[in-house]
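What follows is the residue order along each chain.
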Amino acid sequence: MHKLLLIFGGLLFVSGQVFAQDRPNIIWLMAEDIGLDLECYGMKAVKTPHLNKLAVEGIKFEHCFVTNPICSPSRSAMMVGSHQNKINAHHHRSNRKIPLQQDYQPFTFHLRKAGYTAILGHHGVMQKGRKIDVNFKHQAIGEWDGKTQFGLFDKYDTFEKVDEPFFAQIQLKVTHRGDWWDDIRTKSKHPVDPAQVVLPPFMADHPTVRLDWAKYLDQIKYMDEEVGMIRQELEDKGLAENTIIIFIGDNGRCNIRGKGYLHAPGVHIPLIVHYPKRYRAGQVRKDIVAATDITASILDAAGLNIPKYMTGRPIFEQKSKRKYVYAARDLWDEI
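On a predicted model such as this, the values are computed, not experimentally measured, just so you know.

Helices and strands together make up the secondary structure of the chain, namely seven helices and eight strands. Every one of the 335 residues in the chain was classed for burial, and the buried ones make up 59%. Sequence-distant contacts, at least 24 apart, represent 78% of the contacts inside the chain between residues at least 6 apart. In the structure as shown, the chain presents an accessible area of about 14,700 Å², 51% of it carried by carbon and sulfur atoms.

What follows is about unusual backbone geometry. The phi dihedral of Asn88 falls on the positive side, at around 60°, and the residue is not glycine. Mapped onto the elements of the fold, Asn88 is located in the loop between helix H2 (71–80) and helix H3 (107–113). The phi dihedral of Asp333 falls on the positive side, at around 55°, and the residue is not glycine. Mapped onto the fold, Asp333 is located in the segment after helix H7 (291–301). Here Asp333 falls in the exposed class, since its relative accessible area comes to 55%.

We now examine H7. With 10 of its 11 residues buried, H7 lies for the most part within the structure. Three or more residues of H7 are buried, namely Ala291, Thr292, Asp293, Ile294, Thr295, Ala296, Ser297, Ile298, Leu299 and Ala301. Of the residues one or two after H7, Gly303 is the one with positive phi, at around 85°.

The subject of this paragraph is the nonpolar core. Judged by nonpolar contacts, the single largest core of 47 residues is most densely connected at Trp28, Phe107, Leu111, Phe167, Ile246, Ile294 and Ile298. For this core, the secondary structure elements donating two or more residues are strand S1 (25–31), strand S2 (59–65), H2, H3, strand S3 (117–122), strand S5 (243–249), strand S6 (268–274) and H7. Considering each element in turn, this core owes the most residues, six residues, to H7. Aside from chain neighbours lying at most four places away, what touches Ile298 is Ile26, Trp28, Phe107, Leu111, Phe167, Ile246 and Phe316. Residues Ala31, Cys40, Leu51 and Val197 belong to the second largest nonpolar core, which totals 39 residues.

Averaged over all residues, the pLDDT of the chain equals 86, while 83% of them reach at least 70. The low-confidence segment residues 141–158 (pLDDT under 50) makes 60 contacts with residues lying over four places distant or belonging to another chain.

This paragraph deals with the environment of Ala214. In this structure, Ala214 sits in helix H5 (residues 207–236). Spatially, the C-alpha atom of Ala214 lies 6.5 Å from that of Asp193, the residues being 21 residues apart in sequence. With residues up to four places along the chain from it excluded, the contact list for Ala214 reads Arg185, Val192, Pro194 and Val197.

With that out of the way, let us pick up the packing of aromatic side chains. In this structure the tally under the stated criterion is seven aromatic pairs. Ring centres 5.2 Å apart and planes at 75° place the aromatic pair Tyr104 and Tyr309 in the edge-to-face group. With Tyr104 in the loop between H2 and H3 and Tyr309 in the segment after H7, this residue pair connects regions lying 205 residues apart in the sequence. Tyr104 sits in the buried class, given a relative accessible area of 10%. Ring pairing ties together the aromatic residues Trp28, Phe107 and Phe167, which thus form one cluster. Looking at Lys60, its charged tip hangs above the ring of Tyr41, at a distance of 5.1 Å from the centre.

Taking burial as the measure, the seven residues of S2 include five buried ones, the bulk of the element. The pairing of S2 with S6 spans five bridges and is antiparallel. Bridge pairing in S6 places Phe61 opposite Leu271. Across three bridges, S2 lies against strand S7 (residues 283–285) in parallel orientation. When the sheet's bridge partners are listed, Ile59 is paired in S7 with Gln283. Pairing geometry for S2 and strand S8 (residues 289–290), over two bridges, is parallel. Across the sheet, the residue bridging to Cys64 is Val289, located in S8.

So, on to H2. Burial analysis of H2 places 10 of its 10 residues in the buried class, which makes it a mostly covered element. All of the buried residues along H2 are Cys71, Ser72, Pro73, Ser74, Arg75, Ser76, Ala77, Met78, Met79 and Val80. Backbone geometry just downstream of H2 places Gly81 in the positive-phi region, at approximately 85°.

Moving on, we come to the pattern of salt bridges. A complete count under the given rule lists 20 salt bridges for this structure. Among the ionic pairs, Arg75 bridges to Asp250, the shortest N-O distance being 2.9 Å. Pair noted here: Arg75 is in helix H2 and Asp250 is in the loop between S5 and helix H6 (264–267), with a separation of 175 residues, a long-range link. The exposure class of Asp250 is buried, given its relative accessible area of 0%. Notably, a salt bridge pairs Glu225 with Lys221, separated by 3.0 Å at the nearest N-O pair. Of this pair, Glu225 and Lys221 both sit in helix H5, four residues apart, roughly one helical turn.

Rules behind the numbers
- Residues numbered from 1 in each chain as written.
- Predicted model: local features only at pLDDT ≥ 70, side-chain atom pairs only at ≥ 80, totals over all residues.
- Heavy atoms only, no water.
- Helix = DSSP H or I, 4+ residues; strand = E, 2+ residues; numbered from the N terminus.
- Buried < 20%, exposed > 50% of the residue type's maximum accessible area, 1.4 Å probe, protein only.
- Contact = heavy atoms within 4.5 Å.
- Areas by Shrake-Rupley, 256 points an atom, 1.4 Å probe, with all protein chains shown as cover.
- Core = buried A, V, L, I, M, F, W, Y, C linked by side-chain atoms within 4.5 Å.
- pLDDT = per-residue confidence, 0-100.
- Phe/Tyr/Trp six-rings, centres within 6.5 Å; stacked < 30°, edge-to-face > 60°.
- Lys NZ or Arg CZ within 6 Å of the ring centre and 35° of its normal.
- Pairing = 2+ DSSP bridges.
- Salt bridge = Lys/Arg side-chain N within 4 Å of Asp/Glu carboxyl O.

Right, here's the structure in full:
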């Protein structure tokens, strides 16, 4: 049984007044290092019932792309809503001591000014410590002073129903390649059968490769169960009806032609948006979307104007007009 570890921040006051809960809560679930490897996207040999349901009840985007196939520049672009090359955040885990240029702010800054409690945190036993992972100077804080950029809480173990709307970014780390993969597979009641997996045509059909792919799908299944637990807690707390759930990957799967590579498996990610109260359920969208569009869409859903510096545009309620997405990969450790 998973250890449930959800986070929620304390009360936020703006100009001495508490904002009424007349806007939606927003939860951004970010699974690490995954491609379109869910059952609802046609992946064989894996069961993802919770994400299947999220897609059936929400909007499934088939052509969403990150702007960089590595975590920190990709997250930097999403956090600001502007392409990482434009904001000097394009090198992996560089510029950690350099602030953003004055014209740019993380989107959490705008949410906080509007009365949202904006928090970034983690879920599950696989995620130890904090992970913001952006390529510009930032400060993890417990209370907002009107100047700092992020709120990050790790001392809360549950969502609470309060008067303020909240935004929460929750990392689902289990899919990130790590030494826990073997343990997850060993403890699974229904581990994926390597003989049943369907490998991409560019991968060698070898027992070692098949087993590695099966282990990866075991993590996808585990992550899906975490999504189910999060949804159940929202139901139990009476928060589900007024909460937008966004599910996405931070970059492509950690495998050949995937993470770190400017091939489709490195930048093509799943995107599911769930809010039946406002968005028509059962949609399958084929328009081309950039991950920075999600950032702009969050501000739009919160009733805020989109800053001029953002390269993303709202896409939850209207189709994207993009003809292409521009992705780039610059320095990646020693590469």
